[in-house]
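Per-entry structural report
Chain by chain, the residues run as shown.
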Amino acid sequence: MKYIYTLLALFTLTLIWSIINPKEVFTCFLEIIPAIIGVLILTLTFKKFRFTNFTYTLILIHCIILFIGGHYTYAEVPLFDYIKDIFHQSRNNYDKVGHFAQGFVPAMIIRELFIRKEVIANQSFFNFIIISICLAVSAAYEWIEWLVSIITGDGGDAFLGTQGYVWDTQSDMLFATIGAIVALSLLSKAQDKQLIKI
């Protein structure tokens, strides 16, 4: 339980940092609200279903990625401005880190849920279904970005974060899909070791 409290403390500290003098207040709110809602859900369901520390750690990392994007906006994260200049890139690509995580972390959350709740009997389709769900979540998030941009006009541009890249939406979904595939390929055995201890 001490480990969970440590993760919550890190979550809280990073959240507080992200909302102190952010680049754009409205964009910050839009970017960090999924993390806040997610942690509220995890807190309310903690007694009924407790994830492994492994999965909670991944969730925290994803939240921190969201908080950094919220504080600076995804198009203006300083480290990625520096990377853009060094590698002569046309845009700040921090948003691709966020979308990669959008597939990477949910893949492990879904995998743990599916294994522990015995959701899928036929293991042949196990990874395919997880990747498909991650892609669906990514597509739904793109719809939300699009809707916010339409409703708020210029106020949603930083949230949309295309930076003039015409294929931004499609590449965001691609990065989420790649993230899910990479997570399942690299972390499944490590997660299985944690699941054995439950």
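Above: the structure in question.
So, here is what we can say about the structure in this document. (Residues numbered from 1 in each chain as written. Predicted model: local features only at pLDDT ≥ 70, side-chain atom pairs only at ≥ 80, totals over all residues. Heavy atoms only, no water.)

Some points on the environment of Gln194
With respect to the helices and strands, Gln194 occurs in helix α8 (residues 168-196). It is 17 Å that separates the C-alpha atoms of Gln194 and Leu60, two residues lying 134 residues apart in sequence. Excluding residues that lie within four positions of it along the chain, Gln194 makes contacts with Thr52, Asn53 and Phe54. (Helix = DSSP H or I, 4+ residues; strand = E, 2+ residues; numbered from the N terminus. Contact = heavy atoms within 4.5 Å.)

Details of the packing of aromatic side chains
By the definition in use, this model includes nine aromatic pairs. For the ring pair Phe49 and Phe51, a centre distance of 4.9 Å and an interplane angle of 75 degrees mean the geometry is edge-to-face. Exposure class is identical for Phe49 and Phe51. Each is buried. By the ring-pair criterion, three or more aromatic residues cluster together here, those being Phe46, Phe49, Phe51 and Tyr56. (Phe/Tyr/Trp six-rings, centres within 6.5 Å; stacked < 30°, edge-to-face > 60°. Buried < 20%, exposed > 50% of the residue type's maximum accessible area, 1.4 Å probe, protein only.)

Comments concerning helix α3 (residues 53-72)
Look at α3: 29 Å from first C-alpha to last across 20 residues, which is about the 28 Å you get at 1.5 Å a residue. Judged by how many residues are buried, α3 sits mostly within the fold: 14 of 20 residues are covered. In the stretch just after α3, Thr73 is the one whose phi turns positive, near 75 degrees. (Expected span 1.5 Å × (residues − 1).)

Remarks on the pattern of salt bridges
A full pass over the atoms with the stated rule returns eight salt bridges. A salt bridge links Lys96 to Asp95, with the shortest nitrogen-to-oxygen separation between them at 3.5 Å. As far as burial versus exposure is concerned, Lys96 and Asp95 are alike and both buried. In this structure, Arg116 engages Glu112 in a salt bridge whose closest nitrogen and oxygen atoms are separated by 2.7 Å. Taken together, the positions of Arg116 and Glu112, both in helix α5 (residues 94-117) and four residues apart, correspond to about one turn of that helix. (Salt bridge = Lys/Arg side-chain N within 4 Å of Asp/Glu carboxyl O.)

Thoughts on the side chain of His99
Position of His99 among the secondary structure elements: in helix α5. With residues near it in sequence (within four places) discarded, His99 still touches Tyr141, Glu142, Glu145, Asp172, Phe175 and Ala176.

Section: the packing of helix α1 (residues 2-19) against helix α2 (residues 25-44)
Close contact between α1 and α2 brings their axes to 11 Å; oriented N to C, the two are set at 165 degrees. Considering their axes alone, α1 and α2 lie roughly antiparallel with respect to each other. Between α1 and α2 the crossing geometry is left-handed. Of the residues in α2, those touching α1 at Leu8, Phe11, Leu15, Ser18 and Ile19 are Cys28, Ile32, Ala35, Ile36 and Val39. Considered class by class, the residues forming the contact of α1 with α2 number nine nonpolar, one polar and no charged. (Axes fitted to C-alpha atoms, helices over the stretch in contact; angles between N-to-C directions. Parallel < 35°, antiparallel > 145°, perpendicular 65-115°, else oblique. Left-handed = near helix turned anticlockwise from the far one by under 90°. Nonpolar A, V, L, I, M, F, W, Y, C, P; charged D, E, K, R; others polar.)

A closer look at the side chain of Gln102
Tracing the sequence through the fold places Gln102 in helix α5. Once you skip the residues sitting within four places of it in the chain, Gln102 turns out to touch His62, Ser138, Tyr141 and Ala176.

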